[in-house]
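Reading the structure
Residues per chain are reported as follows:
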Amino acid sequence: MAAKKYEHLVNSDILHQHSIPTQMYSPFLSGSPYFWKLIPGAVGQFAFYYVLKPGMFAEGPHTHKAEEYLMFISSDPKDMKNLGATVEIAFGEEWEKYTFNYSTFIRFPQGVIHCPVYVRNVQRPFFLGHFWPGGEPAHFDMLT
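Note that the structure is a prediction, hence the values are computed from the model and not measured.

1. Things to note about the overall build of the chain
- Along its length, the chain carries one helix and eleven strands.
- N-terminal to C-terminal, the α/β element order of the chain is β-β-α-β-β-β-β-β-β-β-β-β.
- Out of the 144 residues in the chain, the part that is buried amounts to 38%.
- A separation threshold of at least 6 residues defines the contact pool for the chain, and within that pool the share at least 24 residues apart is 69%.
- Split by element, the accessible area of the chain, about 8500 Å² in all, is 60% carbon and sulfur.

Right, here's the structure in full:
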(Lines give C-alpha, C1' and ligand atoms only; values in the text may rest on other atoms or scores of the structure.)
Protein backbone atom coordinates (compact mmCIF):
# COMPACT_ATOMS: atom_id res chain seq x y z
CA MET A 1 0.00 0.00 0.00
CA ALA A 2 1.38 3.40 -0.98
CA ALA A 3 2.13 5.96 1.72
CA LYS A 4 -0.56 8.56 2.20
CA LYS A 5 0.22 12.18 1.39
CA TYR A 6 -0.43 13.50 4.91
CA GLU A 7 0.70 10.46 6.88
CA HIS A 8 3.65 12.39 8.35
CA LEU A 9 1.17 14.74 10.09
CA VAL A 10 -0.47 11.95 12.14
CA ASN A 11 1.19 10.39 15.18
CA SER A 12 -0.47 7.78 17.40
CA ASP A 13 2.70 7.07 19.40
CA ILE A 14 1.88 9.67 22.05
CA LEU A 15 1.84 7.79 25.38
CA HIS A 16 5.02 8.50 27.37
CA GLN A 17 6.34 7.44 30.76
CA HIS A 18 7.81 9.95 33.18
CA SER A 19 11.49 10.44 33.87
CA ILE A 20 10.62 10.57 37.59
CA PRO A 21 8.57 7.53 38.70
CA THR A 22 5.31 8.73 40.22
CA GLN A 23 1.86 7.59 41.21
CA MET A 24 0.57 11.14 41.32
CA TYR A 25 -0.60 11.08 37.74
CA SER A 26 -0.93 8.82 34.73
CA PRO A 27 1.58 8.47 31.91
CA PHE A 28 1.25 11.58 29.79
CA LEU A 29 0.19 12.15 26.21
CA SER A 30 2.55 14.25 24.14
CA GLY A 31 4.02 14.52 20.69
CA SER A 32 7.61 13.30 20.78
CA PRO A 33 10.42 15.67 19.76
CA TYR A 34 11.05 13.33 16.80
CA PHE A 35 7.46 13.78 15.64
CA TRP A 36 7.68 17.56 15.71
CA LYS A 37 10.88 17.48 13.62
CA LEU A 38 8.94 15.64 10.88
CA ILE A 39 6.44 18.47 10.48
CA PRO A 40 7.99 21.42 8.64
CA GLY A 41 7.32 24.65 10.52
CA ALA A 42 5.89 22.97 13.65
CA VAL A 43 7.51 24.30 16.80
CA GLY A 44 4.82 23.94 19.48
CA GLN A 45 4.75 21.26 22.14
CA PHE A 46 2.13 19.95 24.55
CA ALA A 47 1.55 17.40 27.27
CA PHE A 48 -1.73 16.10 28.66
CA TYR A 49 -1.94 14.51 32.12
CA TYR A 50 -4.59 12.84 34.26
CA VAL A 51 -3.73 14.03 37.80
CA LEU A 52 -4.60 11.37 40.37
CA LYS A 53 -3.43 12.64 43.77
CA PRO A 54 -1.84 15.63 45.55
CA GLY A 55 1.78 16.57 44.97
CA MET A 56 4.08 19.18 43.50
CA PHE A 57 5.28 19.56 39.94
CA ALA A 58 9.05 19.17 40.15
CA GLU A 59 9.76 22.05 37.82
CA GLY A 60 11.24 24.92 39.80
CA PRO A 61 10.78 28.62 39.08
CA HIS A 62 11.65 29.40 35.46
CA THR A 63 10.83 31.51 32.39
CA HIS A 64 10.40 30.77 28.69
CA LYS A 65 11.42 32.48 25.47
CA ALA A 66 7.79 32.21 24.31
CA GLU A 67 4.46 32.16 26.12
CA GLU A 68 3.15 29.03 27.84
CA TYR A 69 -0.33 27.79 28.79
CA LEU A 70 -1.59 25.49 31.53
CA MET A 71 -5.14 24.11 31.42
CA PHE A 72 -6.67 22.55 34.53
CA ILE A 73 -9.86 20.79 33.42
CA SER A 74 -12.55 18.97 35.41
CA SER A 75 -13.06 15.29 34.65
CA ASP A 76 -16.74 15.43 35.65
CA PRO A 77 -18.90 15.92 32.54
CA LYS A 78 -21.83 16.91 34.78
CA ASP A 79 -19.84 19.64 36.53
CA MET A 80 -17.10 20.97 34.25
CA LYS A 81 -16.53 24.03 36.45
CA ASN A 82 -15.60 22.13 39.65
CA LEU A 83 -12.00 20.93 39.26
CA GLY A 84 -12.25 18.37 42.06
CA ALA A 85 -8.94 19.54 43.55
CA THR A 86 -7.21 22.66 44.81
CA VAL A 87 -4.24 24.03 42.85
CA GLU A 88 -1.80 26.74 43.88
CA ILE A 89 0.63 28.50 41.57
CA ALA A 90 2.74 31.64 41.82
CA PHE A 91 4.25 33.87 39.20
CA GLY A 92 6.00 37.14 38.70
CA GLU A 93 9.04 38.51 40.52
CA GLU A 94 6.83 39.16 43.56
CA TRP A 95 5.57 35.52 43.61
CA GLU A 96 1.92 36.50 43.41
CA LYS A 97 -0.03 33.37 44.41
CA TYR A 98 -3.26 32.09 42.89
CA THR A 99 -5.29 29.30 44.44
CA PHE A 100 -8.28 27.79 42.64
CA ASN A 101 -10.55 24.74 42.71
CA TYR A 102 -12.37 25.21 39.41
CA SER A 103 -11.41 24.59 35.78
CA THR A 104 -8.84 27.23 34.90
CA PHE A 105 -6.62 28.25 31.98
CA ILE A 106 -3.41 30.14 32.75
CA ARG A 107 -1.21 32.05 30.30
CA PHE A 108 2.38 32.86 31.17
CA PRO A 109 3.68 35.58 28.84
CA GLN A 110 7.21 35.34 27.50
CA GLY A 111 9.80 35.97 30.23
CA VAL A 112 7.38 35.86 33.21
CA ILE A 113 8.81 33.74 36.03
CA HIS A 114 6.43 31.04 37.29
CA CYS A 115 6.13 27.71 39.16
CA PRO A 116 6.13 25.53 41.12
CA VAL A 117 2.59 24.18 40.86
CA TYR A 118 1.11 22.55 43.95
CA VAL A 119 -1.85 20.18 43.66
CA ARG A 120 -3.68 19.83 46.98
CA ASN A 121 -6.84 18.20 48.28
CA VAL A 122 -7.67 15.97 45.28
CA GLN A 123 -11.29 14.80 45.61
CA ARG A 124 -11.29 13.26 42.13
CA PRO A 125 -8.74 13.09 39.29
CA PHE A 126 -8.64 15.96 36.79
CA PHE A 127 -6.99 16.74 33.46
CA LEU A 128 -3.97 18.98 33.06
CA GLY A 129 -3.00 20.29 29.65
CA HIS A 130 0.37 21.95 29.16
CA PHE A 131 1.03 23.79 25.87
CA TRP A 132 4.06 25.81 24.92
CA PRO A 133 4.04 27.12 21.35
CA GLY A 134 7.74 28.03 21.38
CA GLY A 135 8.78 24.38 21.17
CA GLU A 136 11.33 24.38 24.00
CA PRO A 137 12.17 20.87 25.28
CA ALA A 138 9.74 19.51 27.86
CA HIS A 139 10.90 19.34 31.47
CA PHE A 140 7.62 18.94 33.33
CA ASP A 141 7.50 16.10 35.86
CA MET A 142 6.09 15.84 39.36
CA LEU A 143 7.39 14.88 42.77
CA THR A 144 5.19 13.12 45.26
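2. Looking at the side chain of Thr104
- Here Thr104 lies in strand E8 (residues 104–108).
- Reaching out from Thr104, the side chain makes a polar contact with the backbone oxygen of Tyr102 at a distance of 2.7 Å.
- Once residues lying within four places of it in the same chain are set aside, the contact partners of Thr104 are Leu70, Met71 and Phe72.

3. Some details on the nonpolar core
- Grouped together as the largest cluster of nonpolar side chains are 19 residues, with contacts concentrated most on Phe72, Val87, Ile89, Phe100, Val117, Phe126 and Leu128.
- Counting residues per element, the ones that place at least two in this core are strand E3 (45–51), strand E5 (68–73), strand E6 (82–91), E8, strand E9 (114–120) and strand E10 (126–132).
- Considering every element that reaches this core, the biggest residue donor is E6, with four residues.
- With residues near it in sequence (within four places) discarded, Ile89 still touches Leu70, Glu96, Lys97, Tyr98, Phe100, Ile106, Phe108, Pro116 and Val117.

Rules used in this analysis
- Residues numbered from 1 in each chain as written.
- Predicted model: local features only at pLDDT ≥ 70, side-chain atom pairs only at ≥ 80, totals over all residues.
- Heavy atoms only, no water.
- Helix = DSSP H or I, 4+ residues; strand = E, 2+ residues; numbered from the N terminus.
- Buried < 20%, exposed > 50% of the residue type's maximum accessible area, 1.4 Å probe, protein only.
- Contact = heavy atoms within 4.5 Å.
- Areas by Shrake-Rupley, 256 points an atom, 1.4 Å probe, with all protein chains shown as cover.
- Polar contact = N/O pair within 3.5 Å; in protein donor to acceptor, adjacent residues only side chain to side chain.
- Core = buried A, V, L, I, M, F, W, Y, C linked by side-chain atoms within 4.5 Å.

Note that every value here comes from positions in space, so none of it alone points to a role or purpose.
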